[in-house]
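One-letter residues, chain by chain:
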Amino acid sequence: MRRSISFTLNGKPIQLTVDDDRMLLWVLRYDLGLTGTKFGCGAALCGSCTVIVNDEAVQSCITAVKEIAGKHVLTIEGLSREGHLHPIQEAFLNHHAFQCGYCTPGMIVNAYALLLKRAHPTREEIMRHLEDNLCRCGSHTRIVDAILEAAGSMKGVA
Amino acid sequence: MHGDDWNEAAEIAANMGAGVSRREFLQLAGAGLFIFFATDRMAAFQEPSRLPGRPSYPTDFNVYLRIGGDGRVTCFVGKVELGQGSKTALAQLVADELDVSFDAVDMVMGDTDLCPSDMGTFGSLTIRQFGPVLRGAAAETRAVLLQMSADYLKLPSVEHLRVKDGVVTCVQDERKSVSYARLVEGKRIERHLEKVPVKPVSAFTVIGKATRRKDALEKVTGKARYAADMTPPGTLHARILRPPAHGATLKEIDTAIAEKVPGVRVIRDGEMIAVLHEQPDIADRALGPIRARFEPPQPSEDEQTIFDHLLKAAPPLQIVDERGSLAEGDKLATHLVEETYLNSYVAHAAMETHSAVAAIEGGKLTVWASTQTPFPVRQQLAQAVGFTPENVRVITPYVGGGFGGKSASRQAVEAARLAKITGKPVQVVWDRAEEFFYDTFRPAAVVKIRAGLDAAGKLLLWDYRVYCAGEREAQPFYDIPHQRTQSSGGWSGNPPGLHPFAVGPWRAPSVNTNTFARESHIDILASKLGRDPLAFRLSHLSDPRMRRVLLAASEKFGWKSAPAPSGRGVGLACAIYSGTYVATVAEVAVNKSTGNVDVKRSSAPRIRA
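Residues numbered from 1 in each chain as written. Chains lettered and ligands numbered in written order. Predicted model: local features only at pLDDT ≥ 70, side-chain atom pairs only at ≥ 80, totals over all residues.

Of regular secondary structure, chain B possesses 16 helices and 24 strands. Looking at chain B as a whole, 46% of its 609 residues qualify as buried. Considering only contacts in chain B between residues 6 or more positions apart, those separated by 24 or more positions represent 76%. (Helix = DSSP H or I, 4+ residues; strand = E, 2+ residues; numbered from the N terminus. Buried ≥ 20, exposed ≤ 12 C-beta atoms within 10 Å, placed from the backbone. Contact = placed C-beta atoms within 7 Å.)

Below, the structure written as structure tokens:
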């Protein structure tokens, strides 16, 4: 059904008139031009499209726009504030925790969701949490290292 | 549809004599202990001289390098950044040879209008093969700039000139100084020099040093642009009707429902039926209700019969390498061990599916494509839309993984054809099902090995036949006096009908299959003799580098020569790929009720030789 939907996107209120059955991924990428969120499978199998809705990681390829009405959506574009990278982004930079970079936004925002819940996850907890985020280049070890470092540097930041 | 699915781009590349695919993990790279030795290929032990002849890159350094009035150096290369870090590594080569800071180098990659032609980014050739070309160009540029500096500073020679961060200074009189930027001011440099040597390794200050990747900031902030992130104004998104099986023919079609969706266009162009809309998800929804009846061919093979089929249909075996005499080895052997190894079709499955955006403006076609082969793709596009190649531009943004699979770029042609018909920019992004359907799979393969041991447990006979994987690194690096390696077929140039769908290069092509078979057989031999697999390998290895790699890996792991407890196992394997030596040690556990294998230990030390 085409209707007006309001939500907060990266800290800013937004109102859209859209078919509310459409998946958030497409609306973000093509209606709103936020292309950092990636299409990888369209079936919630790869994690490339992960965004944060009300502090929870969701896969935007299976999240209809109607489900986010009135909620807070955070994408990779909203993670750095006032030109400062988020500590997770810094850690990904320092550890070269990517190669092709296509899975990276999904990895970073999913790590963000984890660190919101658990400030100091163990290596095993990180690996379990990122189970549904696929990387085909082989950056897994560096990704986990980066998140561990970010957790350490986020003490008290939240 | 098998034969023609193998995209022309890869064929062009193959015809140019390329070994195709980028360096990637070997198949063994699940998790485990890795030791990498980077090396000069010329120094590599038993490194077969299989580097394709260097293609004719332009000799004018202006083609690769432009020095702006602001002092920034722009480097133009036909290679693309697939994640392998070439944007960073090539910039390092330029910075060191030219004596400019790494941060002052901007890379322009894979743009057919701006960059020198290149057959493609595959075969782990970017640094090995193209690197020396770029270094040579930068070294000549620097030498010319020194001469220009001497003229400018009215010095009799370049002898006392030094360069740092793009500023040339006379060491005898530091007031005499001029920057590259001032000398060149973005202009073409007309002076040339012959045979300028590149710097020795000892003079490197940038190469080999850890540095922030050129693509890092964009990739962690979501700003990195891939082909599907390009949407020129008015872009239509296309979803294309696909057959249910390779070789299926369309018998009936009813697109009426799709055509009723507001804003949807249905295009039929030859065998291609596409649904287009301004939004990709709405185009996708409109594609769903299209009723089409295809007649699929009788499936000729299945996953059980394919290997026998390959053995029957493969081209004749060719001898790759032969040493000693098999007959002599047979005579001396007291114990023969014969096994057959099977490898299945494997998809590349890059995270980014094949994507392209095509736009025609003023008689010129521009295509942003996720491709490993922008220049061959330009030729294909020109042919597909009937333009001259000069009127086709391929721009390669960041590519979300290739692994050999984006040597073929059918999606670019689809987008271009639809852009021509609709008169609008068209984006084609394959979904995951299309990606698996049209992938150029690693070919299924069969390896037959007959090995012979003498009474003392010495391996003295090795009769190796590989079918359909290809011959790269097929011959063993172990010391075996009587050996013959034969190969039939590979990932390109196969007879039609050999494979039921398209095949192509995949992550260290040939080498992954040959390593799996060879190392498995070595383990079986050691096991039959009741010997430790590490000790057995070492007793047949005189290659000092491979010995060091194996020992370093096993020491780091804490290898113990003892049977593992039930349900657990430790294993090791080693391989050479294009001069890179790798040893892997892993400990795995098997869940006896589910059969699942879990990697228990993994670490990845990197050691420089």
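For chain A, the helix and strand inventory stands at five helices and five strands. Listed N to C, the secondary structure of chain A is β-β-α-β-β-β-α-α-α-α in terms of helices and strands. Relative to the 2.2 N^0.38 estimate, which gives 15 Å for 158 residues, the radius of gyration of chain A is 15 Å and therefore close to what a compact globule would have. If one aligns the C-alpha atoms of chain A with their principal axes, the spans along those axes are about 45 × 35 × 25 Å. (Rg over C-alpha atoms; globule rule 2.2 N^0.38 Å.)

Further remarks concern the domain arrangement of chain B. Along its sequence, chain B is organised into domain 1 (18-36 + 302-346 + 441-601), domain 2 (52-223) and domain 3 (227-296 + 349-438). For domain 1 of chain B and domain 3 of chain B, the distance between their C-alpha centres works out to 39 Å. (Domains from an automatic or database assignment.)

Within the fold, B:Glu352 resides in the loop between strand S14 (335-343) and strand S15 (355-361). The spatial distance from the C-alpha of B:Glu352 to the C-alpha of B:Ala508 is 20 Å, given a sequence separation of 156 residues. Apart from residues no more than four positions distant in its own chain, B:Glu352 is found in contact with A:Tyr102, B:Tyr226, B:Ser370, B:Val399, B:Gly400 and B:Gly401.

So, on to the sheet that holds strand S17 (residues 392-395) of chain B. Residues and elements named next belong to chain B. What the seven strands build is an open sheet, ordered S10-S11-S8-S18-S15-S16-S17; its pairing is mixed. Edge positions in the sheet fall to strand S10 (265-269) and S17, since each of these pairs with one other strand and no more. When strand polarity is set aside, the average angle formed by the axes of neighbouring strands in this sheet is 25°. Of the strand pairs in this sheet, S15 and strand S16 (residues 364-369) are connected by six bridges, and their pairing is antiparallel. Each bridged residue has a counterpart across the sheet, and for Glu361 the counterpart in S16 is Lys364. On top of the sheet, helix H8 (residues 280-287) reaches strand S8 (236-240), strand S11 (272-277) and strand S18 (426-429); it is set at about 135° to S11, its chief contact. This element, helix H12 (residues 410-422), spans S8, S10, S11, S15, S16 and S18 of the sheet and lies at about 30° to S15. (Pairing = 2+ DSSP bridges. Axes fitted to C-alpha atoms, helices over the stretch in contact; angles between N-to-C directions.)

Listed as interface residues are 34 residues of chain B and, on the opposing side, 35 residues of chain A. Counting only elements with at least two residues in the side of chain B that touches chain A, the list comes to helix H6 (216-221) and H8 of chain B. When residues in the side of chain B that touches chain A are grouped by element, the largest group, four residues, is from H6(B). Looking at the side of chain B that touches chain A, its residues break down into 16 nonpolar, eight polar and ten charged. (Nonpolar A, V, L, I, M, F, W, Y, C, P; charged D, E, K, R; others polar.)

The next point concerns the pairing of S10(B). Here S10(B) pairs with S11(B) via five bridges, running antiparallel. Bridge assignment links B:Asp269 to a residue of S11(B), and that residue is B:Met272.

Let us look at helix H2 (residues 87-94) of chain A. Residues of H2(A) that are buried: A:Pro87, A:Ile88, A:Gln89, A:Ala91 and A:Phe92. On its buried face, H2(A) is in contact with helix H3 (104-117) and helix H5 (140-153) of chain A together with H6 of chain B. Just past H2(A), the residue A:His96 takes up positive phi, approximately 50°.

When the parts come together, some accessible area is lost, and that loss is often what is quoted as the size of the interface. All names here are of chain A. Here chain A is described as being made up of domain 1 (2-77) and domain 2 (87-153). Contacts between the two partners involve 15 residues from domain 1 and, on the opposite side, 13 residues from domain 2. Going through the elements one at a time, strand S3 (50-53) and strand S4 (56-59) are the ones with two or more residues in the side of domain 1 that touches domain 2. It is S3 that provides the largest number of residues to the side of domain 1 that touches domain 2, a total of three residues.

Residue and element names in this part refer to chain B. Sheet architecture is open: five strands sit in the order S13-S21-S20-S19-S14, paired in mixed fashion. Of all the strands in the sheet, just strand S13 (318-323) and S14 have a single pairing partner and so form its edges. Taken pair by pair, the neighbouring strands of this sheet meet at an average axis angle of 10°, ignoring direction. Where strand S20 (residues 459-467) meets strand S21 (residues 482-488), seven bridges bridge the pair, whose relative direction is parallel. Of the residues in S21, the one forming a bridge with Arg465 is Gln486.

Next up on the list: the packing of helix H3 (residues 86-98) of chain B against helix H4 (residues 126-152) of chain B. Residues and elements named next belong to chain B. Packing of H3 against H4 brings their axes to within 8 Å, and their N-to-C directions diverge by 30°. As summarised for this structure, H3 and H4 are arranged roughly parallel, according to the angle between their axes. Two packed elements cross with a definite hand, and for H3 against H4 that hand is right-handed. Across the interface between the two elements, Ser86, Ala89, Leu90, Leu93, Val94, Glu97 and Leu98 of H3 pack against Thr126, Ile127, Gly131, Leu134, Arg135, Ala138, Ala139, Thr141 and Arg142 of H4. (Parallel < 35°, antiparallel > 145°, perpendicular 65-115°, else oblique. Left-handed = near helix turned anticlockwise from the far one by under 90°.)

Helix length check: H4(B), at 27 residues, gives a terminal C-alpha distance of 36 Å against a target of 39 Å (1.5 Å per residue), a fit within 8%. Where H4(B) bends most, the angle comes to about 30°, and this point is B:Pro132. (Expected span 1.5 Å × (residues − 1). Bend = angle between axes of the 7 residues up to and from the residue.)

A separate point is the nonpolar core. All names here are of chain B. Within the largest apolar cluster, 135 residues are counted, with the highest numbers of intra-cluster contacts made by Val94, Val367 and Ala415. If one sorts the elements of this core by residue count, H4 sits on top with nine residues. Those residues in contact with Val94 that sit more than four places away from it in its chain are Leu65, Val73, Cys75, Val105, Leu134 and Ala138. Counting residues in each nonpolar core, the second largest holds 27 residues, with Leu310, Phe516, Ile522 and Phe536 among its members. (Core = buried A, V, L, I, M, F, W, Y, C linked by C-beta atoms within 7 Å.)

Remark: a regular strand shows side chains that alternate across the two faces of the sheet. Residues and elements named next belong to chain B. With five of its six residues buried, S11 lies for the most part within the structure. Bridge count between S8 and S11: four bridges; the pairing is antiparallel. Considered in S11, the bridge of His237 is made with His277. Where S10 folds back onto S11 in an antiparallel hairpin, the turn is made up of two residues, including Gly270, whose phi is positive at roughly 60°.

Before going further, it helps to examine the environment of B:Ser86. Residue and element names in this part refer to chain B. Its place among the elements puts Ser86 in helix H3. Owing to 23 C-beta atoms within 10 Å, Ser86 belongs among the buried residues under this scheme. On a C-alpha basis, the gap between Ser86 and Lys214 in space is 9.2 Å, while along the polypeptide they are 128 residues apart. In this structure, Ser86 is in contact with Lys79, Glu81 and Thr126, ignoring residues within four places of it in sequence.

The predicted coordinates of low-pLDDT regions are not to be read in fine detail. Residues and elements named next belong to chain B. Summary statistics for chain B give a mean pLDDT of 89 and a share of 90% for residues scoring 70 or more. The model gives residues 1-52 a pLDDT under 50, and that stretch makes 161 contacts with residues more than four places away or in other chains. Here the predicted complex scores 0.90 on pTM and 0.97 on ipTM. (pLDDT = per-residue confidence, 0-100.)

Residues and elements named next belong to chain B. Interaxial distance between helix H11 (residues 374-385) and H12 falls to 9 Å at its minimum, and their mutual angle equals 35°. Here H11 runs over H12; the crossing is right-handed. On H12, the residues that touch Val377, Gln380, Leu381, Ala384 and Val385 of H11 are Ala412, Val413, Ala416, Arg417 and Lys420. Of the residues contributing to the contact of H11 with H12, the split by class is seven nonpolar, one polar and two charged.

All names here are of chain A. Positioned with a positive phi, Glu82 is a non-glycine residue whose angle comes to about 50°. Structurally, Glu82 can be placed in the loop between strand S5 (72-74) and H2. We classify Glu82 as exposed; it has 4 C-beta atoms within 10 Å.

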